[in-house]
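Here's the letter readout for the chains.
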Amino acid sequence: MSSPEFSDGEAPAEKVTEVSGTGIPVRGNDIDTDQIIPARFMKVVTFDGLGQFSFFDQRFDDEDNEKDHPFNDGKYRGANVLVVNANFGCGSSREHAPQALMRWGIDAVVGESFAEIFAGNCLALGVPTVTADQDDIEALQDHVEANPDAEIDIDVAAETIIYDDAVIDATVHDAQRKALVEGVWDTTALMGANEGAVRETARSLPYVPAEHIPGDEA
Amino acid sequence: MSEGTLYDKVWDRHRVTQLPTGQDQLFVGLHLVHEVTSPQAFGMLKERGQEIAFPERTHATVDHIVPTGNRDRPYRDEAAESMMAELEANVRGSGIDFSDPDSGDQGIVHVIGPEQGLTQPGMTIVCGDSHTSTHGAFGALAFGIGTSQIRDVLATGCVAMEKQKVRKIEVTGELGEGVTAKDVILTIIGELGTDGGVGYVYEYAGEAIEDLGMEGRMSICNMSIEGGARAGYVNPDETTYEWLRWTDAFEDDSEGFERLKPYWESIRTDDDAEYDDVVTIDGSAIEPTVTWGTTPGQTAGITGPIPDPEDLPEEDRDTAWRAQKHMRVEPGDTMEGYDIDVAFLGSCTNARLKDLREAAAFVEGRKVDDDVRAMVVPGSQRVRDAAEAEGLDAVFKEAGFDWREPGCSMCLGMNDDQLEGDEASASSSNRNFVGRQGSKNGRTVLMSPIMVAAAAVTGEVTDVREMEEVATV
């Protein structure tokens, strides 16, 4: 599939049922969002151009010379499936992290586990975060390192990752799977349709004065 | 599934409907906005031609990029200036209140919400900032969201979420001398891990928590996210109400206060509530606690040894090896005596008046070590003003601290306040990630404000309890 685009407010979001392509492994547990994109690159008012700053401080030394990092390694050029380990994306809520990865070209992230806010931010971009057992992930990382051109097929609906002759039994969180497979990950449009019920809920809360509910002002 | 907890009750009160994804649509009672994570959301809204649904339930401030020195406009840093200008343009005329620097109310978003009484029990509170969990100290359900979700909230007044499990963390007993809320939360994260809370909301309870003032409860809830829990809370009680009574929201409205109190009482966790998990921690056994590594879960009591990675669970070893190499520490050593170059007293975790008072009481009559650059960054303009009215600024300055204007500052190094090279910092902030304080070779040791004060004076990580006797010179 191609990278999903934002739908406008009216149309449903694109269905993301499968992602296929080559992989890129970034190893290590607890890779935080400050590593994925350092805070100094967030002094921007759009997400455009963030891709080049992915893992910046892991990729360059003080003199801006390239260091050993998969994102610097030409053999992974064009890869769109990022393969990581445990608690990936912990730390800050910055959507800049998945935005940077997506703009780098990543369409799906496969790992042992993900921090919650990071996974939610990925979903908002239509990027699946797929989990599998440690052994399966490490085997996939080994495979990708040895065969960077090998195709990986992620079936979001069936919750499988297929490569070579292997089929990994993976997990895509229920709500995420539903949202991606049915193309309902654009929650603005989804929730906007329930305006009446939202007002009703607001009115039922003792701390929300009527004048704070547009349309209800006396 | 949990039942009868504050989390269950607040969730149910705010649940609008179930979405086709299986997620719940939750009404947001308070949306806090800052300059770094919001501009793209306002942009997306504009692109879609949508209006802000509940501007009166939205409040903005500027904290991440704001300079803490010269604040004349335009800011010297062009990127910072453009972010500030963007925020101003987005909120001006929108009906959103803006605690800007000219208002005297500016500060770190998680400091100003509680001090203005915007934060109240039984609310749902969101902000594009992971430390939104802070507001749970008031018995609110508060969590960080990403920018696309900010767009959701601006456009609909709601977030889409799945209900999580609830873990009660009961901290029993009394905290010892020199032991603060910061030491409690560092200990909790150390024990449960940085991902122990994924999928959970933390309810903090027990004698040691109930004995804390609101500032301490905020420090604890603030770092829930460092333990992987997106939200954490403390049930509201008289301590909570006493704080609220004198905030802007209620100081002239005792009627409104009395009217809302039954609601606040009603959302407290029931005595017979059911939890998904319960963890008990002996508060009396906690000592001043610091980090030795590069995650907030890599902690040790000040007299306790830095662990040998080989003794850790297999999944933690690699991270620990890398962390010890970066920090240049050895297994078996304690962190006591670790040389520091910078002392940072600030951040949404620990820059409230009580934090500054306690640190100032320690610093009074002492001097910052010659080799240490020490700074105090109050959490808000109101905290700054109150501290200055008490003469705390004079105490800090006399000792050799730099007294700065409010903002996030060196917690994340988005303004000029940054570590340089491989400087080591004793920091009252919340994250010791590699590069977090502005230098990728910088080293951060997290600790309580009084421990930062002690480290500033001695030039090394110090057990504040050992220095207590000479505290009042």
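What you are looking at is a predicted structure, and each value in this text was computed from that prediction instead of being measured. (Residues numbered from 1 in each chain as written. Chains lettered and ligands numbered in written order. Predicted model: local features only at pLDDT ≥ 70, side-chain atom pairs only at ≥ 80, totals over all residues.)

A. Here's a closer look at the overall build of chain A. The number of helices and strands found in chain A is eight helices and seven strands. Its C-alpha atoms put chain A at 70 × 45 × 25 Å along the principal axes. When burial is assessed residue by residue, chain A has 52% of its 218 residues classed as buried. Residue pairs in contact within chain A that sit at least 24 positions apart in sequence constitute 67% of those at least 6 positions apart. (Helix = DSSP H or I, 4+ residues; strand = E, 2+ residues; numbered from the N terminus. Buried ≥ 20, exposed ≤ 12 C-beta atoms within 10 Å, placed from the backbone. Contact = placed C-beta atoms within 7 Å.)

B. The overall build of chain B, seen in detail. In terms of helices and strands, chain B carries 15 helices and 19 strands. For chain B, whose C-alpha radius of gyration is 21 Å, the value lies close to the compact-globule estimate of 23 Å for 473 residues. Along the first, second and third principal axes, the C-alpha set of chain B runs to 55 × 55 × 45 Å. Within chain B, the fraction of its 473 residues that count as buried is 62%. Pairs at least 24 apart in sequence give 77% of the contacts found in chain B among residues at least 6 apart. (Rg over C-alpha atoms; globule rule 2.2 N^0.38 Å.)

C. Fine view of the interface of chain B and chain A. Taken together, the contact between chain B and chain A spans 68 residues of the former and 54 residues of the latter. Take the side of chain B that touches chain A: its biggest share by element is seven residues, from helix 5 (residues 147-156) of chain B.

D. Broad picture of the sheet that holds strand 5 (residues 97-99) of chain B. Residues and elements named next belong to chain B. With parallel pairing, the five strands of this open sheet are ordered in space as 5-4-3-6-7. The open sheet has two free edges, formed respectively by strand 5 and strand 7 (141-144), since each of these has just one partner strand. Between one strand and the next, the sheet's axes are offset by a mean angle of 20 degrees, whatever the strand orientation. Sheet analysis places strand 4 (residues 58-61) next to strand 5, joined by three bridges and oriented parallel. Counterpart to Thr-61 in the pairing with strand 5 is Ser-99. (Pairing = 2+ DSSP bridges. Axes fitted to C-alpha atoms, helices over the stretch in contact; angles between N-to-C directions.)

E. Spotlight on helix 8 (residues 214-222) of chain B. For helix 8 of chain B, the tally of buried residues reaches nine of nine residues, placing the bulk of the element in the interior. Listed as buried for helix 8 of chain B are B:Met214, B:Glu215, B:Gly216, B:Arg217, B:Met218, B:Ser219, B:Ile220, B:Cys221 and B:Asn222.

F. Local environment of the pairing of strand 16 (residues 373-376) of chain B. Residues and elements named next belong to chain B. Examined bridge by bridge, strand 15 (residues 342-345) and strand 16 share four bridges and lie parallel to one another. Paired with Val-342 across the strands is Arg-373, a residue of strand 16. Regarding the hand of the β-α-β motif, the stretch spanning strand 15, helix 12 (residues 353-363) and strand 16 is right-handed. (Right-handed = clockwise from strand over helix to strand, strands pointing away.)

G. Spotlight on the domain arrangement of chain B. Residues and elements named next belong to chain B. In terms of domains, chain B is made up of domain 1 (6-266) and domain 2 (289-470). When each unit is reduced to the centre of its C-alpha atoms, the spacing between domain 1 and domain 2 is 24 Å. The partner domain 2 presents 39 residues to the 37 residues of domain 1 that form the contact. Those elements that place two or more of their residues in the side of domain 1 that touches domain 2 are helix 4 (109-116), helix 6 (181-192) and helix 8. If one sorts the elements of the side of domain 1 that touches domain 2 by residue count, helix 6 sits on top with six residues. Split by residue class, the side of domain 1 that touches domain 2 holds 10 nonpolar, 18 polar and nine charged. (Domains from an automatic or database assignment. Nonpolar A, V, L, I, M, F, W, Y, C, P; charged D, E, K, R; others polar.)

H. Focus on the domain arrangement of chain A. Per the domain assignment, the segments of chain A are domain 1 (18-185) and domain 2 (186-218). For domain 1 of chain A versus domain 2 of chain A, the separation of C-alpha centres amounts to 36 Å.

I. View of helix 9 (residues 238-245) of chain B. Residues and elements named next belong to chain B. Of the positions making up helix 9, those classed as buried are Thr-240, Trp-243 and Leu-244. The buried residues of helix 9 all sit within an arc of 95 degrees when viewed along its axis, so they share a single face. Of the residues in helix 9, the exposed ones pointing more than 90 degrees away from the buried face are Glu-238 and Glu-242. Where helix 9 is buried, its residues contact helix 8. (Arc of directions from axis to C-beta.)

J. Structural view of unusual backbone geometry. Residue and element names in this part refer to chain B. Note that the residue after Arg-73, namely Pro-74, is joined by a cis bond; omega there is -10 degrees. Inspection of the secondary structure assignment puts Pro-74 in the loop between strand 4 and helix 3 (78-91). Phi is positive for Ser-409, which is not a glycine, with a value near 55 degrees. Assignment of secondary structure puts Ser-409 in the loop between strand 17 (402-403) and strand 18 (424-427).

K. Just the environment of B:Met123, in detail. Secondary-structure assignment places B:Met123 in the loop between helix 4 and strand 6 (124-127). Its 27 C-beta neighbours within 10 Å are what place B:Met123 among the buried residues. Not counting residues within four places of it along the chain, the set of residues in contact with B:Met123 comprises A:Tyr207, B:Gly29, B:Leu30 and B:Ala140.

L. Structural context of the nonpolar core. A:Val110, B:Ala343 and B:Val452 are the most contacted members of the largest nonpolar core, which has 217 residues in total. Of all the elements, helix 15 (residues 449-458) of chain B adds the most residues to this core, at eight residues. Non-local contacts of A:Val110, meaning those with residues more than four positions away in its chain, are made with A:Val81, A:Val83, A:Val130, A:Ala132, A:Ile137, A:Leu140, A:Ile154 and A:Ile161. (Core = buried A, V, L, I, M, F, W, Y, C linked by C-beta atoms within 7 Å.)

M. Representation of the sheet that holds strand 10 (residues 200-205) of chain B. All names here are of chain B. Ordered by their spatial adjacency, four strands build an open sheet running 11-10-9-12, and the pairing between neighbours is parallel. Since the sheet does not close on itself, it has two edges, and those belong to strand 11 (231-233) and strand 12 (277-282), each with one partner. With direction set aside, neighbouring strand axes in the sheet form an average angle of 20 degrees. Bridging between strand 9 (residues 165-172) and strand 12 involves six bridges; their strand directions are parallel. Looking across to strand 12, one finds that Thr-172 is bridged to Asp-282. Of the strands in this sheet, strand 9 and strand 12 are in contact with helix 6, which crosses strand 12 at around 125 degrees.

N. Highlighting the environment of B:Leu30. Residue and element names in this part refer to chain B. Mapped onto the secondary structure, Leu-30 falls in strand 3 (residues 30-33). Assessed through the 23 C-beta atoms surrounding it within 10 Å, Leu-30 is described here as buried. Along the chain, Leu-30 and Glu-56 lie 26 residues apart, while their C-alpha atoms are 8.8 Å from each other. When near neighbours in sequence (up to four residues on either side) are disregarded, Leu-30 contacts Arg-57, Leu-118, Thr-119, Met-123 and Ile-125.

O. The confidence of the model for chain B, seen in detail. Averaged over chain B, the pLDDT score is 97; the fraction of residues at 70 or greater is 99%. For this predicted complex, the interface score ipTM comes out at 0.95, while the overall pTM is 0.96. (pLDDT = per-residue confidence, 0-100.)

P. Quick peek at the confidence of the model for chain A. Residues of chain A with pLDDT of at least 70 account for 94%, and the chain-wide mean is 93. Every residue in residues 1-11 of chain A scores below 50 in pLDDT, and together they form 20 contacts with partners more than four places removed in sequence or on other chains.

Q. Examining the pairing of strand 4 of chain B more closely. Residues and elements named next belong to chain B. Side chains Thr-58 and Ala-60 project from strand 4 onto one buried face, and the interleaved His-59 and Thr-61 project onto a second face that is buried too. Note that strand 3 and strand 4 share three bridges and pair parallel. The residue of strand 4 that forms the bridge with His-31 is Thr-58. Following the backbone out of strand 3, through helix 2 (residues 39-47) and into the adjacent parallel strand 4, one traces a crossover that is right-handed. Read from strand 4 through helix 3 to strand 5, the crossover connection turns out right-handed.

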